[in-house]
Amino acid sequence: MAGADHRLNVLGLACPLPVLLAIRDIAALAPGEVLEIVGDDPGLLEDIPQWCAKAGHRLLEMDADEGVIVCQVAKGSPVP
């Protein structure tokens, strides 16, 4: 996966904490910057794409390998 501007480790955390922490961390980034989320909750496979769609962020990549899920999300621009 490409480089990220910030990495969020949510290994061992279950829904809803990974998404809540992602919301907190992406707020500190500028539009276009990338947040990488690393977790092992299978719910991330549904939760992250839904969150991106609702919040206006872009899901750049999502990879699940041996129980570890890595997502890269580009922060969207604020709505005027």
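Calculation rules
Residues numbered from 1 in each chain as written. Predicted model: local features only at pLDDT ≥ 70, side-chain atom pairs only at ≥ 80, totals over all residues. Heavy atoms only, no water. Helix = DSSP H or I, 4+ residues; strand = E, 2+ residues; numbered from the N terminus. Expected span 1.5 Å × (residues − 1). Buried < 20%, exposed > 50% of the residue type's maximum accessible area, 1.4 Å probe, protein only. Arc of directions from axis to C-beta. Contact = heavy atoms within 4.5 Å.

Novice: How would you explain helix α2 (residues 44-55) if you had to name every residue and give the values?
Specialist: Every α-helical turn comprises 3.6 residues, leaving residues that sit three or four positions apart pointing alike. The terminal C-alpha atoms of α2 lie 15 Å apart, and with twelve residues this matches the ideal 16 Å at 1.5 Å per residue to within 8%. What α2 keeps buried is the set Leu 44, Ile 48, Trp 51 and Cys 52. Relative to the axis of α2, the buried residues are bounded by an arc of 100 degrees and lie together on one face. Turned more than 90 degrees from where α2 packs its buried face, Glu 46, Ala 53 and Lys 54 sit exposed. Contact partners of the buried residues in α2: β1 (6-10), α1 (17-27), β2 (34-39), β3 (58-65) and β4 (68-74). Looking one or two residues beyond α2, the residue adopting positive phi is Gly 56, at roughly 85 degrees.

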